[in-house]
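What follows is the residue order along each chain.
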Amino acid sequence: MACNPEALKQVPLFALLDAEETAVLAGQVELKKFSARQRIYKIGDPGGRAYVMVSGRVQITTVDEDHQEVIVDEPSYGEFFGFASMLDQTPHQTNSVALEETVCIEVDRNDISVLLQRKPHAGMDMLAVLGRQFHAAQQLVRVRAARNPNDMIEAEATFGERIADMVAGFGGSWTFIISFLAALVVYTIIQIALGRSAWDPYPFILLNLILSMLAAIQAPVIMMSQNRQDTKDRLRGELDYDVNRRAESEIQGLARKLNLLGDKLGDVEDLLREKISGPAGPGSGGNQTPVAG
């Protein structure tokens, strides 16, 4: 249907146009009405047209690699959607569904060209819309990226923390235990074999001092590594919580869709019952046998 110039005046992007420019643009664009749950466009549809929100509510979604529906945007009053595909004339990369009764202004490349000729500063407004959508896509990638806590912590680890991890890893291995026991046995055998000329005779005071110093240094290093492991575990728990919350949201969405499907099936059943019972109305009782009094 034709667009009323007054409707364009209510859109922030077109509010600065004068009466003549508004009339020219209104003669080119169209006003589209969509009912609740009506699809405006889907992934793969030709991107020849974009839409500007006038009233109602629209949800822009896509499907990720796990075949889950992801909400990309919910444009507010006066904002574009489907704009990028319209500009570069590529198929739509998202789905667009009206959540309630919605009114949008439908525009194409020629309409945008006329608008830019009449009002060049409108280009900055449209770039701002694209910038918001770009940032929303970036935020979506950051939120939904499969983050590996080990990689994240390793990327932020300092040189000292890496050394602590290496010391703790070697100190808790069988290689360290066997090597340390072998060194102790060799050391004590040499001291006993040297007898009075040994530099650390029994009870091996120098060896006890070295072991005490080693334990004093090794204990805080191991505690540092344990703290880092606790950080990894906490981060894993937070990521698991995000995954579980997202899964719960997807399950709730699936339940809502099933309930909606059940309601639609109920409406279809009621309609079929009305059609079946329609001919058997008051005028269809001519073949009934009268009952004797």
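Residues numbered from 1 in each chain as written. Predicted model: local features only at pLDDT ≥ 70, side-chain atom pairs only at ≥ 80, totals over all residues. Heavy atoms only, no water.

Student: In this structure, what is going on with helix α9 (residues 205-277)? I would like to understand it.
Tutor: In an α-helix, one turn spans 3.6 residues, which is why side chains three or four residues apart end up on the same side. For α9, with 73 residues, the first-to-last C-alpha span of 106 Å sits near the 108 Å given by 1.5 Å per residue. Among all positions of α9, only Leu207, Gln218, Val221, Ser225, Arg228, Lys232, Leu235, Leu239 and Gly253 are buried. (Helix = DSSP H or I, 4+ residues; strand = E, 2+ residues; numbered from the N terminus. Expected span 1.5 Å × (residues − 1). Buried < 20%, exposed > 50% of the residue type's maximum accessible area, 1.4 Å probe, protein only.)

Student: Whenever I open this one, the sheet that holds strand β2 (residues 39-41) confuses me. Can you help?
Tutor: Strand pairing in a sheet relies on backbone hydrogen bonds, with the paired strands running either antiparallel or parallel. Strand order in the open sheet formed by 4 strands is β2-β7-β4-β5, and the pairing between neighbours is antiparallel. In this open sheet, the two edge strands, each paired with only one partner strand, are β2 and β5 (69-73). Strand-to-strand twist across the sheet, computed as the mean angle between neighbouring axes with direction ignored, equals 35°. Examined bridge by bridge, strand β4 (residues 58-63) and β5 share 4 bridges and lie antiparallel to one another. Each bridged residue has a counterpart across the sheet, and for Val63 the counterpart in β5 is Glu69. (Pairing = 2+ DSSP bridges. Axes fitted to C-alpha atoms, helices over the stretch in contact; angles between N-to-C directions.)

Student: Teacher, can you tell me more about helix α8 (residues 174-194) here?
Tutor: For α8, built from 21 residues, the straight-helix expectation of 30 Å at 1.5 Å per residue is met to within 8% by its first-to-last C-alpha distance of 30 Å. Regarding α8, the residues found buried are Phe176, Tyr187 and Gln191. Looking down the long axis of α8, one finds its buried residues gathered within 25° of arc, a one-sided arrangement. Exposed residues lying more than 90 degrees from the buried face of α8 are Trp174, Ile178, Ile189, Ile192 and Ala193. Next to the buried residues of α8 lie α7 (159-171) and α9. (Arc of directions from axis to C-beta. Contact = heavy atoms within 4.5 Å.)

Student: How should I be thinking about the packing of α8 against α9 in this particular structure?
Tutor: When two helices pack together, their arrangement is captured by the angle between the axes and the distance separating the axes. At a minimum axis separation of 12 Å, α8 and α9 run at an interaxial angle of 160°. By the angle class used here, α8 and α9 are roughly antiparallel. Once α8 is placed against α9, the crossing between them reads as right-handed. Contact residues: Phe176, Phe180, Leu184, Tyr187 and Thr188 in α8; Leu206, Leu207, Leu211, Leu214 and Gln218 in α9. (Parallel < 35°, antiparallel > 145°, perpendicular 65-115°, else oblique. Left-handed = near helix turned anticlockwise from the far one by under 90°.)

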